[in-house]
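# Architecture at a glance
Below, each chain spelled out in residue letters.
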Amino acid sequence: GAVVSQHPSWVICKSGTSVKIECRSLDFQATTMFWYRQFPKQSLMLMATSNEGSKATYEQGVEKDKFLINHASLTLSTLTVTSAHPEDSSFYICSARRGGAKETQYFGPGTRLLVL
Amino acid sequence: AQKITQTQPGMFVQEKEAVTLDCTYDTSDPSYGLFWYKQPSSGEMIFLIYQGSYDQQNATEGRYSLNFQKARKSANLVISASQLGDSAMYFCAMREENQGGKLIFGQGTELSVKP
């Protein structure tokens, strides 16, 4: 089946540093990828839609300058949390949409970010 | 207004029995898709089943079936013959085609399977 990888799976960083998270679709091309954030015991909240070759579309309330998204190729999207602060600590998870006869959306394993 | 509503924060089911997880949605887009995902404690989102708004038949995937009632705007997940490994969070999600394909999630239902 389709696989989406995410790296790193865990990251602990100091406040003020930047963290880059990679999302890759391993066996299909994804023109669109999505980035979500999930706090403990809560649902997934969409942060932005990442489109290959164009600027990301951010959801209302998500800071574009803080959460930089780059969709460099049909299989790779990156999320950079700039100048991270403790309130940015969360579970970040990406997904890639696969079209065709079996329409679905596959998720990466997620990245747990802890900002000290 | 909530686009996707899951009214059951937690559910219990006896092993080997069937369980229904509720999901209602709200959209004016005639073209949409409904998804169910399972999220175990590890955090990964596992795709379970998909139902398109134009699909004539209810979707089924192994022990999972989706009870799609379009007029009522409900898309309940039925898990037959529950197993201990089914204990997890379950999320219903909707994709509206006029919204760029993004998924909007419900609040989730925590399912616990009792031995």
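Further up the page is the structure itself.
Residues numbered from 1 in each chain as written. Chains lettered and ligands numbered in written order. Predicted model: local features only at pLDDT ≥ 70, side-chain atom pairs only at ≥ 80, totals over all residues. Heavy atoms only, no water.

### Some thoughts on the interface of chain A and chain B
Heads up, the rule is: Any two residues whose heavy atoms approach within 4.5 Å at even a single point are treated as in contact. When two parts are put together, the accessible area they lose, computed with a 1.4 Å probe and summed over both, is reported as buried area. Salt bridge, as used here, is a side-chain nitrogen of Lys or Arg placed within 4 Å of a carboxyl oxygen of Asp or Glu. Pairs of N or O atoms are called polar contacts if they sit within 3.5 Å, as long as, within protein, a hydrogen donor faces a hydrogen acceptor (for residues adjacent in sequence, only side-chain-to-side-chain pairs). Think of it this way: any DSSP run of H or I at least four residues long counts as a helix, any run of E at least two long counts as a strand, and we number them from the N terminus. Amino acids are sorted into nonpolar (Ala, Val, Leu, Ile, Met, Phe, Trp, Tyr, Cys and Pro), charged (Asp, Glu, Lys and Arg) and polar (every other residue, Gly among them).
Counting residues at the interface gives 20 residues for chain A, matched by 22 residues for chain B. Of the roughly 1600 Å² buried between chain A and chain B on both sides combined, carbon and sulfur atoms contribute 50%. In this structure, the connection of chain A to chain B is made through 2 salt bridges. The salt bridge involving E97 of chain B is made with R97 of chain A; its shortest N-O contact spans 3.3 Å. At the boundary of chain A and chain B, one finds 7 residue pairs in polar contact (both at pLDDT 80 or more). When contributions to the side of chain A that touches chain B are tallied by element, the ones reaching two or more residues are β4 (32–38), β5 (44–51), β9 (90–98) and β10 (104–107) of chain A. Broken down by class, the residue content of the side of chain A that touches chain B amounts to 8 nonpolar, 6 polar and 6 charged.

### A short note on the pattern of salt bridges
Here is the rule we go by: Here's how the labels work: a residue is buried when its accessible area is under 20% of the maximum for its type, exposed when over 50%, partly exposed in between, all with a 1.4 Å probe on protein chains only.
Taken as a whole and judged by the stated rule, the model has 8 salt bridges over all chains. Here R24 of chain A ties to E22 of chain A by a salt bridge, and the two come within 3.5 Å at their closest N and O atoms. With a closest N to O distance of 3.0 Å, R95 of chain B and E97 of chain B form a salt bridge. Accessibility expressed as a relative area gives 0% for R95 of chain B, which makes it buried. Given the relative accessible area of 33%, E97 of chain B is considered partly exposed. Each of R97 of chain A together with R95 and E97 of chain B takes part in one network of salt bridges that share partners.

### Structural notes on the state of the cysteines
The criterion, for reference: By convention in this document, the label disulfide applies to cysteine sulfur atom pairs within 2.5 Å.
Going through the model one piece at a time under the given rule, you end up with 2 disulfides over all chains. Residue pairing for C23 of chain A: its cysteine sulfur links by disulfide to C94 of chain A, the two sulfurs lying 2.0 Å apart. The sign of the 80 degrees torsion about the S-S bond sets the C23 of chain A-C94 of chain A disulfide as right-handed. On the criterion of sequence distance, the pair formed by C23 of chain A in strand β3 (residues 19–25) and C94 of chain A in strand β9 is long-range, its members being 71 residues apart. Take C23 of chain A: its relative accessible area is 0%, and that puts it in the buried class. Residue classification places C94 of chain A among the buried positions, given a relative accessible area of 0%. Residue C23 of chain B pairs covalently with C92 of chain B via a disulfide, S to S 2.0 Å. Residues C23 of chain B and C92 of chain B share a disulfide whose torsion about the S-S bond is about -65 degrees; that sign makes it left-handed. Remark: C92 of chain B occurs in strand β10 (residues 88–96) and C23 of chain B occurs in the loop between β3 (19–21) and β4 (24–25); sequence separation between them is 69 residues. Grouping residues by exposure puts C23 of chain B and C92 of chain B together as buried.

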